[in-house]
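# Descriptive structure summary
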Amino acid sequence: MRKNQRNNLIKAAVGAVVTAGIVSSGIWFGHSKVEVLRNKIGELTESAAAYDSNLVPVLCLSGDVHKGLIPCEEELAVVYIPGDAVPEDILSSSKEVAGRALRIDLGRGTYLTEGMLAEAVPAPDERELRYDCIRLGSDVVPGSVIDVRIKYADGTDYIILSGKTVYGVGEEGLLLHVGEEELLLMDGAVTDTACFEDSCIYAAAYVENELQRRAVVNYVPSQPGIDLIMDDPNITVRSGKHISKEARAEIERRFERIESD
C-alpha cells in the first residue's frame, strides 16, 4: 500500500513539474510574441514619422490651364509629396506664380516647376481690352497666339497686331492685351471697315507657337480712316458695333446653310 502511495506521489510530482513547464513555456512564448509586436509597431511608427518628415509642399494645378495664361488662385493647390521625388526647380507657393504665364498647355494635377513659367510683366502702357469686331476660327481658344489682320475687298491683306496671346474668347469678344500704339492701329483698322465696303478684321492662329517666327506688322491706317477719326472720335465705337453685327450675321447665315444642307 505504501508502495502505491509512493508511486502516486511520484506521478503527481512529475505531473506538476510538466504542467509548470508547459505554463512557463506558454508565458514565455506569449511574452516573446508581445515583444515582437511591440517592436514592429515601433518600427512602423518610426517609418511613418520619417516619411512625414520627408514630405515637402509642392504647387500643382487644380484645373487645366492653357499656355500664355496666368493661373489664378482657384487653379492652384498645394500638395505634399516625398522630397526625394521633387525636382530642384519645383515651386511651392502661389506667390512664385504671381504675374507669370505658362509656357505650355498643362493639365490638372501637374506639379509646377520654374521652367514651365515665363515672366509676364506688362508694359507700362499695356491695357486689357475686348474686341467683338474680330472674326474668329474654331482654332482660336484662350492661350492661342494669333495675328490680327485686315482684309480688303480687293484681296489685299495686312497685319495689324502680331503674336498676341488670347486671354479670353466669348460672346463679348476677344480679350487681348494691347499697348498704346497697338490700340491706335486697331482703331484705324476698325474705322477702315467703315470706309471700305466688304473689308473685315480677323484672327489667324499660329500652328506651332514655340517654333514659328512672329509676323511683321505692316498695316498703316488709311488717310480716309485717319480723317474720320480726327473729325469724329466716336467713329471707332460705331464702326466696331457695325463690324460686330456683320460678323454675327455671317455666323447666323453659316448656321442656316448648314441646317439647309
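All values reported here derive from a predicted model rather than from experimental measurement.

## Things to note about the packing of aromatic side chains
- Using the criterion set out here, one finds two aromatic pairs in the structure.
- Note on Tyr 152 and Tyr 158: the rings are 6.1 Å apart at their centroids and 70° apart in plane angle, and the pair reads as edge-to-face.
- An aromatic cluster of three or more residues is present, and its members are Tyr 152, Tyr 158 and Phe 196.

## Some thoughts on the nonpolar core
- Of all hydrophobic cores here, the largest spans 21 residues; its most connected members are Ile 134, Ile 146, Val 148, Ile 160, Leu 176 and Ile 201.
- For this core, the leading source of residues is helix α2 (residues 180-195), giving four residues.
- Beyond its immediate sequence surroundings of up to four residues, Ile 160 is in contact with Val 148, Arg 149, Ile 150, Leu 185, Met 186, Ala 189, Ile 201, Val 217 and Tyr 219.
- Membership of the second largest hydrophobic core comes to twelve residues, among which are Leu 59, Val 97, Leu 102 and Leu 112.

## Side note on unusual backbone geometry
- Non-glycine residue Asp 198 carries a positive phi angle of around 70°.
- Within the secondary structure layout, Asp 198 lies in the loop between α2 and β10 (200-205).

## Side note on the sheet that holds strand β7 (residues 157-165)
- Spatially, the three strands line up as an open sheet ordered β7-β6-β10, and their pairing is antiparallel. Each edge of the open sheet carries a strand with a single partner, namely β7 and β10. Strand-to-strand, the axes of this sheet are offset by a mean angle of 25°, without reference to chain direction.
- As defined by bridge partners, strand β6 (residues 145-151) adjoins β10 across six bridges and the pair is classed as antiparallel. Paired with Arg 149 across the bridge in β10 is Tyr 202.
- α2 contacts β6, β7 and β10 of the sheet and is inclined by roughly 140° relative to β7.

## Focus on the environment of Lys 164
- Along the polypeptide, Lys 164 turns up in strand β7.
- Counting along the chain gives 39 residues from Lys 164 to Ala 203, while the straight-line C-alpha distance between them is 9.9 Å.
- In this view, Lys 164 contacts Ser 144, Val 145, Ile 146, Leu 176, His 177, Val 178 and Glu 182; residues no more than four positions away in its chain are not counted.
- Of the polar contacts made by the side chain of Lys 164, one reaches the backbone oxygen of His 177; its length is 2.7 Å.

## Details of the confidence of the model for the protein
- Mean pLDDT over the protein works out to 75, with 64% of the residues at or above the 70 mark.
- Within the model, pLDDT remains below 50 along residues 240-244, and this stretch shows nine contacts once partners closer than five positions in the same chain are excluded.

## Here's the deal with the sheet that holds strand β9 (residues 173-178)
- A sheet is described by the order of its strands in space; here three strands give the open sequence β5-β9-β8, paired in antiparallel fashion. Since the sheet does not close on itself, it has two edges, and those belong to β5 (127-131) and β8 (168-170), each with one partner. Neighbour-to-neighbour, the strand axes of the sheet open up by a mean angle of 25°, direction not taken into account.
- The sheet contact formed by β5 and β9 spans five bridges and is antiparallel. What sits directly across from Arg 127, in β9, is Val 178.
- The sheet contacts of α2 involve β5 and β9, and relative to β9 the element is tilted by about 140°.

What counts and how
- Residues numbered from 1 in each chain as written.
- Predicted model: local features only at pLDDT ≥ 70, side-chain atom pairs only at ≥ 80, totals over all residues.
- Heavy atoms only, no water.
- Phe/Tyr/Trp six-rings, centres within 6.5 Å; stacked < 30°, edge-to-face > 60°.
- Core = buried A, V, L, I, M, F, W, Y, C linked by side-chain atoms within 4.5 Å.
- Buried < 20%, exposed > 50% of the residue type's maximum accessible area, 1.4 Å probe, protein only.
- Helix = DSSP H or I, 4+ residues; strand = E, 2+ residues; numbered from the N terminus.
- Contact = heavy atoms within 4.5 Å.
- Pairing = 2+ DSSP bridges.
- Axes fitted to C-alpha atoms, helices over the stretch in contact; angles between N-to-C directions.
- Polar contact = N/O pair within 3.5 Å; in protein donor to acceptor, adjacent residues only side chain to side chain.
- pLDDT = per-residue confidence, 0-100.

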